[in-house]
Amino acid sequence: MRTTRTATVLIAICTLALAGCSGSGGKDSEDPGSGGGGGNAVSTPRMKIAMVTHSGQGDTFWDIVQSGAEQAAAKDNVEFLYSADKEGKEQAQLVQAAIDQKVDGIIVTLAKPEAVKAVVAKAVSAGIPVVTINSGAQFSAEVGALSHIGQDESVAGEAVGDELDNRGRKKALCVIHEQGNVSLEERCAGVKKTFGGQVENLNVEGTNMPASTSSIEAKLQADKDIDAIVTLGAPFAAASVKAKEGSGSTAEVDTFDLNAEVVKRLKAEEVGFAVDQQPYLQGYLAVDEIWLNRTNGNVIGGGKPVLTGPAIVTAKDVPQLEKYTARGTR
C-alpha cells in the first residue's frame, strides 16, 4: 500500500486510540478476539454519542465507518446512535434530533455544508462537542468542531491523477454518484489538476445502481476514447466493471474506497487500483475523540485535520487486506 507524499497519518494517535487509551482511566486488557481493535469497556460514566451522515441507502462504505465507531463505543462505555440521510435538509433535521436527545457528542459529515452548518453550530453552542468526519473538512473549524477526521479530498484526487499518468491513461471518466456533494466534486477536481490527459465528469443516480450502470455504459459506448473510469465509491466500481463489459470498452476501472468486493476485483485484475481512506479509522477515532474530550479535555490533532488517507492500493496489497475486508474493518 503506497501512502501519497502529501498525506500525513498521525500514527501515534491511531496507536493510542486502537490500544484503548488504557493510560487514561480505561482497563488495560485488550480482547484479542474483538476483530478490529479496542478492548474491554472503560470505567468512565456512560455517555451517548450520535453519528449523523449523508449516506445513501446501501452504501457499504458507511457500514465500515459504523463498525469502527461501534468498536470504540463498546470500549468507551458509549451508547452509539447512527442515522443518515443523503439530502442535506433531512440530515440537518437528524442533527437537531440528536441535540434534542441531549447527547454527549455528535459526529457529523459536511458533504452538503450549506444545509447542515447552522444546526451543527447550534449543537456546539449548546455545549455538545462535535467532530466532523469524511466530508467538508474546510468547514469544520467554521462550525466550531473539535477537529475533522478523514482524508484531504483534493490531495486524494491529485494522487489519482498522478497514478493515471503513471499508467499511461489519456482520457478519464470521473463518475459522481451524488450531485452537490462537495467532497466528490473535490475528488474529480483533484484528478483534473494533476492528470496529463482529459477528465470528463459524469453524474449518475447513486441510489439506483441499475440506472448508474446504464448511464456509465451509455457514455462508454458514445466515447471510445475513454480509457479510465474513476468511481468515487466502492459500490460503483462493480457497476463500472459491468458497464465496461456491456459496452465492449477496454477502459481500466479504478475507484476510491475499499470493501471486500473491490479487493476481490483487484485480485482478479478487474480493478486497477483503489484509494483507501480507512473509513473504520474515521468512525473509531471520532468516537474516541469525543470520549477523550469529555473525560480528559483532549483534542486529537490539536484541532487540525487528522488525515486517515489517501493510500493507493493495488493487486499486490490484496494478501494483506483480504482478512480485514472480510470482517468489514477495511
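It should be noted that the structure appears before, not after, this text.
Everything numeric in this text was worked out from a predicted model, so none of it was measured.

Visitor: Got a minute to help me understand unusual backbone geometry in this structure?
Guide: A negative phi angle characterises most non-glycine residues, just as the trans form characterises most peptide bonds. A cis amide bond links Gly309 to the next residue, Pro310, at an omega of 10°. By secondary structure assignment, the location of Pro310 is in the loop between β12 (306-307) and β13 (311-313). The backbone of Glu269 sits at a positive phi, close to 60°, despite the residue not being glycine. Looking at the secondary structure, you find Glu269 in the loop between α9 (260-267) and β11 (274-276).

Visitor: Could you clarify how one ought to interpret the side chain of Thr329 in this entry?
Guide: On the secondary structure map, Thr329 appears in the segment after α11 (318-326). Side-chain polar atoms of Thr329 contact the side chain of Arg327, separated by 3.0 Å.

Visitor: It is not clear to me how the sheet that holds strand β5 (residues 130-133) should be interpreted in this structure. Could you clarify?
Guide: Strands in a sheet are paired, the pairing made by backbone hydrogen bonds, and the direction either parallel or antiparallel. With parallel pairing, the six strands of this open sheet are ordered in space as β3-β2-β4-β5-β6-β12. Edge strands, defined here as strands with exactly one partner in the open sheet, are β3 (78-84) and β12. In terms of strand pairing, strand β6 (residues 148-150) meets β12 through two bridges, oriented parallel. Pairing of Ile149 across the sheet is with Val306, part of β12. Together, β2 (47-53), β3, β4 (105-108), β5, β6 and β12 form the strand contacts of helix α10 (residues 279-296), whose direction differs from that of β2 by roughly 140°.

Visitor: Before we go on, may I ask you to explain the pairing of β2 in this structure?
Guide: Each regular strand shows side chains that alternate between the opposite faces of the sheet. For β2, the tally of buried residues reaches six of seven residues, placing the bulk of the element in the interior. Pairing of β2 with β3 involves seven bridges; the strand directions are parallel. Paired with Ala50 across the two strands is Leu81, which belongs to β3. Traced from β2 through helix α2 (residues 60-76) to β3, the parallel crossover comes out right-handed.

Visitor: Sorry, what's going on with α10 here?
Guide: Two residues of an α-helix separated by three or four positions point the same way, owing to the 3.6 residues in each turn. For α10, which comprises 18 residues, the first-to-last C-alpha distance of 25 Å matches the rise-based estimate of 26 Å (1.5 Å per residue) to within 8%. The element α10 is largely enclosed, with a buried count of 15 among its 18 residues. Of the residues trailing α10, Gly297 is marked for its positive phi of about 70°.

Visitor: Hey, could you run me through the pattern of salt bridges in this one?
Guide: Should their charged atoms come close, side chains of opposite charge can pair. Evaluated as defined, the whole model comprises 19 salt bridges. Residues Glu270 and Arg265 are paired through a salt bridge, measuring 2.7 Å at the closest nitrogen-oxygen approach. Put simply, Asp317 and Lys316 hold a salt bridge, and the shortest N to O gap is 3.5 Å. Since its relative accessible area comes to 61%, Lys316 is described here as exposed.

Visitor: Would you mind going over the state of the cysteines with me for this structure?
Guide: Here, the word disulfide means a covalent bond between the sulfur atoms of two cysteines. All told, the structure shown has one disulfide when counted by the stated rule. Between Cys174 and Cys188 runs a disulfide, and the two sulfur atoms are separated by 2.1 Å. Because the torsion about its S-S bond is -90°, the bridge between Cys174 and Cys188 counts as left-handed. Within this pair, whereas Cys174 is found in strand β7 (residues 171-176), its partner Cys188 is found in helix α6 (residues 182-194), the two being separated by 14 residues in sequence.

Visitor: So what exactly am I meant to see when it comes to the packing of aromatic side chains here?
Guide: How two aromatic rings sit relative to each other is given by the distance of their centres and the angle of their planes. For the structure on display, the rule yields two aromatic pairs. Summarising the aromatic geometry, the rings of Phe61 and Trp62 are spaced 5.1 Å apart at their centres and angled 75° between planes, so their arrangement reads as edge-to-face. The same class applies to Phe61 as to Trp62, namely buried. The ring of Trp291 has Lys75 sitting right over it, with the charged end atom 5.2 Å from the ring centre.

Visitor: It is not clear to me how the side chain of Ser249 should be interpreted in this structure. Could you clarify?
Guide: With respect to the helices, strands and loops of the structure, Ser249 is situated in the loop between α8 (234-247) and β10 (252-256). By relative accessible area, which is 14% here, Ser249 ends up buried. Discounting residues that sit within four places of it in the chain, Ser249 has contacts with Leu220, Ile226 and Lys244.

What counts and what doesn't
Residues numbered from 1 in each chain as written. Predicted model: local features only at pLDDT ≥ 70, side-chain atom pairs only at ≥ 80, totals over all residues. Heavy atoms only, no water. Helix = DSSP H or I, 4+ residues; strand = E, 2+ residues; numbered from the N terminus. Polar contact = N/O pair within 3.5 Å; in protein donor to acceptor, adjacent residues only side chain to side chain. Pairing = 2+ DSSP bridges. Contact = heavy atoms within 4.5 Å. Axes fitted to C-alpha atoms, helices over the stretch in contact; angles between N-to-C directions. Buried < 20%, exposed > 50% of the residue type's maximum accessible area, 1.4 Å probe, protein only. Right-handed = clockwise from strand over helix to strand, strands pointing away. Expected span 1.5 Å × (residues − 1). Salt bridge = Lys/Arg side-chain N within 4 Å of Asp/Glu carboxyl O. Disulfide = S-S within 2.5 Å. Phe/Tyr/Trp six-rings, centres within 6.5 Å; stacked < 30°, edge-to-face > 60°. Lys NZ or Arg CZ within 6 Å of the ring centre and 35° of its normal.

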